Amino acid sequence: MTPCQEKAPILRNQRLQGSYYRVDLRAEQIAATVAPGQFVHVQLPAFEHHVLRRPFSVFNAEPATGTLSLIYKTVGEGTAHLSGLGAGVGLDLLGPLGHGYSVPPPGQTAVVVAGGYGCAATYLLVRRSPGPCIVLLGGRTAEDLLLVDEFTALGADVRLATDDGSRGHRGVVTDLLEAALEQTANPFVVACGPNPMLKAVCRLVDRRGLDAEVSLDHAMCCGVGACFACVVKLTADNADGWEYVRTCKSGPVFPARLVRWDEG
Ligand code: FES
């Protein structure tokens, strides 16, 4: 699907918890075509003199109303600025961009592993899955566990883990993955979150002879394949046995078995 550029007015922009926010936008073309795991590249009004946009995973899309929703964390100047914008302000969006998740085949149970607000990138996948879903959400504290009610409302079996034990299992979310895979005959594993978590997911599924789809957390500049700032090394079926690919074009979602974590 060819990406488009769309001026998207803010419908609502609200704090969820801690430093996490949700912004709903009217973006009819992108909402109609976005696939789970794809992202949009956003230019903020106060940063129009900047060449670079900022990538945001798409949380939800409602084609019937043309509503596109993003979840973000205020981590710097740009997202702090975004958090202060109100209804009616227009954001310049480019999207949908990248290669997202496969929809789980009928007969398989989707096992979603998400760290922090990485869960936003998996919501559409759970919503569009034809079969049962187990959603494993992890964070440092209870404040980092997002969308628990939203995933539960989709009928998912939601399980929680926090590093400090303030909610759910005390430990890392991959502890929950071990247990979920023990209980699931035909899992379709997908993951999104910080790279150390993704690396642990890749190792765990590999030990079990399974694959997974992981959305890599990589810095981006142009977002459209022009600058090569986002290359990662993957195993490839060529004479060298590997290749560099652009996360923004070929990813951000890749098969876990192809990712070469410890090679630049
Ligand atoms: Fe420029 Fe990927 S961000 S090529």
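As a starting point, this report considers the structure included with it. (Residues numbered from 1 in each chain as written. Predicted model: local features only at pLDDT ≥ 70, side-chain atom pairs only at ≥ 80, totals over all residues. Heavy atoms only, no water.)

1. Side note on the overall build of the protein
For clarity, the cut-off: Each helix is a run of H or I in the DSSP string that is no shorter than four residues. Each strand is a run of E no shorter than two, and both are numbered from the N terminus. Here the globule rule reads 2.2 Å times residues to the power 0.38, and the radius of gyration is calculated from C-alpha atoms. Partly exposed describes any residue whose relative accessible area lies between the buried limit of under 20% and the exposed limit of over 50%, with all areas from a 1.4 Å probe on protein chains only and scaled to the type maximum. Every residue pair with non-hydrogen atoms within 4.5 Å of one another is taken to be in contact. Here the open area of atoms and residues is found with the Shrake-Rupley method and a 1.4 Å probe, where only the protein chains shown may cover a residue.
Per the secondary structure count, the protein includes seven helices and 15 strands. For the protein, the C-alpha radius of gyration of 18 Å lies close to 18 Å, the compact-globule estimate for 264 residues. Among the 264 residues that make up the protein, the fraction classed as buried is 51%. At a minimum sequence separation of 6, the contacts of the protein that also span at least 24 residues come to 62%. As displayed, the protein offers around 11700 Å² of accessible surface, 49% of which is attributable to carbon and sulfur atoms.

2. A look at the pattern of salt bridges
For clarity, the threshold we go by: Put simply, a salt bridge is a Lys or Arg side-chain nitrogen that is within 4 Å of an Asp or Glu carboxyl oxygen.
For the structure on display, the rule yields nine salt bridges. A salt bridge links arginine 257 to aspartate 211, with the shortest nitrogen-to-oxygen separation between them at 2.4 Å. Residue arginine 257 is found in the segment after strand E15 (253-255), and its partner aspartate 211 is found in the loop between helix H6 (195-207) and strand E12 (212-215); the two are separated by 46 residues along the sequence. According to the relative accessible area criterion, arginine 257 is exposed, its value standing at 58%. Within the structure, one salt-bridge network assembled from shared partners comprises Glu178, Glu182, Arg207 and Arg208.

3. A closer look at the sheet that holds strand E1 (residues 4-17)
We count it as follows: Strand pairing requires that DSSP identify at least two bridges connecting the strands. Angular values range over 0 to 180 degrees, each being the angle between N-to-C directions of two axes fitted as lines to C-alpha atoms, with helices fitted over their stretch in contact.
Taken in spatial order, the six strands line up as E1-E2-E5-E4-E3-E6 and close into a barrel, and their pairing is antiparallel. Taken over all neighbouring pairs, the strand axes of this sheet differ in orientation by 45° on average, direction set aside. Here E1 runs beside strand E6 (residues 90-97); their pairing, made up of six bridges, is antiparallel. Considered in E6, the bridge of proline 9 is made with glycine 90.

4. A few points about a nonpolar patch on the surface
What counts is decided by this rule: Only residues whose relative accessible area exceeds 30% and that form no salt bridge are eligible for patches; like-charged ones are grouped when within 9 Å, while nonpolar side chains (Val, Leu, Ile, Met, Phe, Trp, Tyr) are grouped when within 5 Å.
Judged by side-chain polarity, Phe228, Val231 and Tyr244 come together as a nonpolar surface patch covering roughly 290 Å² of accessible area. As for its position among the elements, valine 231 is in strand E13 (residues 231-235).

5. Thoughts on the pairing of strand E8 (residues 133-139)
Worth spelling out the cut-off: When the strands point away from the viewer and the path from the first strand over the helix to the second turns clockwise, the crossover is right-handed.
Among the seven residues of E8, seven are classified as buried, and the element is accordingly described as predominantly covered. Here six bridges tie strand E7 (residues 109-115) to E8, and the two strands are oriented parallel to one another. The residue of E8 that forms the bridge with alanine 114 is leucine 137. Running through helix H3 (residues 123-128), the crossover from E7 to the neighbouring parallel element E8 is right-handed. Summarising the sheet, E8 and strand E9 (residues 157-162) pair through six bridges and their orientation is parallel. Paired with leucine 136 across the two strands is arginine 159, which belongs to E9.

6. Some details on the pairing of strand E14 (residues 242-246)
Within a regular strand, the side chains alternate between the two sheet faces. Across five bridges, E13 lies against E14 in antiparallel orientation. Along E14, the bridge assignment pairs valine 231 with arginine 246. Turn length for the E13-E14 hairpin, with the two strands adjacent in sequence and antiparallel, is six residues, and the turn residue glycine 241 shows positive phi of about 85°.

7. A word on the side chain of serine 69
Note the cut-off: We define a polar contact as two N or O atoms separated by no more than 3.5 Å, with the added condition that, inside protein, one atom must be a possible hydrogen donor and the other a possible acceptor, whereas residues neighbouring each other in sequence contribute only through side-chain atom pairs.
Inspection of the secondary structure puts serine 69 in strand E5 (residues 67-73). Given a relative accessible area of 3%, serine 69 falls into the buried group. Separated by 2.6 Å, the side chains of serine 69 and aspartate 24 make a polar contact. Discounting residues that sit within four places of it in the chain, serine 69 has contacts with Arg22, Val23, Asp24, Val58, Phe59 and Asn60.

8. Considering the state of the cysteines
The criterion, for reference: Pairs of cysteine sulfur atoms within 2.5 Å are identified as disulfides in what follows.
Counted by the stated rule, this structure contains zero disulfides. Cysteine 192 supplies the cysteine sulfur nearest to cysteine 119, a cysteine that is in no disulfide, at a spacing of 8.5 Å.

9. What about the sheet that holds E7?
Strand order in the open sheet formed by seven strands is E10-E9-E8-E7-E11-E12-E15, with mixed pairing between adjacent strands. Every other strand in the sheet has two partners, leaving strand E10 (169-170) and E15 as the edge strands with one partner each. Looking at chain direction, strand E11 (residues 187-192) and E12 are connected through four bridges and run parallel. Paired with valine 189 across the two strands is alanine 212, which belongs to E12. Docked against the sheet, helix H5 (residues 173-183) engages E7, E8, E9, E10 and E11, running at close to 165° with respect to E8. Along the sheet face, H6 touches E7, E11 and E12 and points at about 160° away from the line of E11.

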